[in-house]
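Understanding the architecture of this molecule
Spelled out from the first residue to the last, the chains are:
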Amino acid sequence: MRYLVTARVKAGQAEALSGAIDSGSLGRGSVAGDEYQRNMSEARERDDGRVQWVEVCYCSTPLAEEREYWEEYFDLEKVQDAHARSRCKDLNGAESWACSECDCTARLEARLASRGQPFLDALRTRK
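Definitions and limits used
Residues numbered from 1 in each chain as written. Predicted model: local features only at pLDDT ≥ 70, side-chain atom pairs only at ≥ 80, totals over all residues. Heavy atoms only, no water. pLDDT = per-residue confidence, 0-100. Helix = DSSP H or I, 4+ residues; strand = E, 2+ residues; numbered from the N terminus. Phe/Tyr/Trp six-rings, centres within 6.5 Å; stacked < 30°, edge-to-face > 60°. Buried < 20%, exposed > 50% of the residue type's maximum accessible area, 1.4 Å probe, protein only. Salt bridge = Lys/Arg side-chain N within 4 Å of Asp/Glu carboxyl O. Core = buried A, V, L, I, M, F, W, Y, C linked by side-chain atoms within 4.5 Å. Contact = heavy atoms within 4.5 Å. Arc of directions from axis to C-beta.

A closer look at the confidence of the model for the protein
Low-confidence regions, as indicated by low pLDDT, have predicted coordinates that should not be scrutinised in detail. On average, residues of the protein score 90 in pLDDT, and 99% of them reach the 70 mark or higher. Within the protein, no element has a lower average pLDDT than helix α4 (residues 106–113), which sits at 88, and none a higher one than strand β2 (residues 44–45), at 98.

What follows is the structure in structure tokens.
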């Protein structure tokens, strides 16, 4: 399933988060692997400071595996379905692990890419 995550960087964590992203240690030990790096490279910072990204997650509870890694650096404000669950090929059993290569959120991701600024640019100017 794919989720639209809305979060804010915790006070005093911008430098640590930037370091974890740059060193590749963000999410180290998680079964989600490189998903954390992909999320941050695609994330957008809105004018109000909120950060948004689309997360691929195979947990029955949204972000069950990833939450502890994200919450070290972010206050997660909202985690919502990025598209209709009924159309999720992985979730409805039509195709296992379909979310890896699926383009079901392409329109949402394109819309996000046109809003705010790239999060990594904003994060690095904050350091």
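Next comes the rest of the description.
Points about the packing of aromatic side chains
Within this structure, the stated rule accounts for six aromatic pairs. Relative to W70, the ring of Y36 has its centre 5.1 Å away and its plane inclined at 55°; by these criteria the two rings are tilted. Taken as a pair, Y36 in helix α2 (residues 35–42) and W70 in helix α3 (residues 67–71) lie far apart in primary sequence, 34 residues in all. Y36 gets classed as buried once you look at its relative accessible area, which sits at 0%. What makes W70 buried here is its relative accessible area of 0%. Pairing W70 with F74 gives two aromatic rings, centres 5.8 Å apart and planes at 70°, and the pair type is edge-to-face. Taken individually, W70 and F74 each receive the classification buried, so the pair is uniform in this respect.

What to know about the pattern of salt bridges
Using the criterion set out here, one finds six salt bridges in the structure. Measuring nitrogen to oxygen at the nearest pair gives 2.8 Å for the salt bridge that ties R38 to E35. Placement of the pair is R38 and E35 together in helix α2, with a separation of three residues, close to one helical turn. Residue classification places R38 among the partly exposed positions, given a relative accessible area of 29%. The class of E35 is buried, set by a relative accessible area of 13%.

Thoughts on the nonpolar core
The biggest cluster of nonpolar side chains holds 28 residues, and the ones touching the most others in it are L17, L26, M40, W53, W70, F74 and F119. Elements with a minimum of two residues in this core: β1 (2–9), α1 (14–23), α2, β3 (51–56), α3, β4 (74–81) and α5 (119–126). When near neighbours in sequence (up to four residues on either side) are disregarded, W70 contacts L26, Y36, N39, M40, W53, E55 and L76.

Concerning α5
Taken as a whole, α5 has its buried residues at F119, L120, A122 and L123. Projection of α5 onto a plane perpendicular to its axis shows the buried side chains occupying an angular sector of 160°, all on one side.

A look at α1
Every α-helix winds through 3.6 residues per turn, so residues three or four apart in the chain are directed the same way. Every buried residue of α1 is listed here: A14, L17, S18, A20 and I21. Across the axial projection of α1, the buried residues extend over an arc of 160°, all falling on one side. For α1, the secondary structure elements touched by its buried residues are β1, α2, β4 and α5. Looking at the residues trailing α1, positive phi occurs at G24, about 80°.

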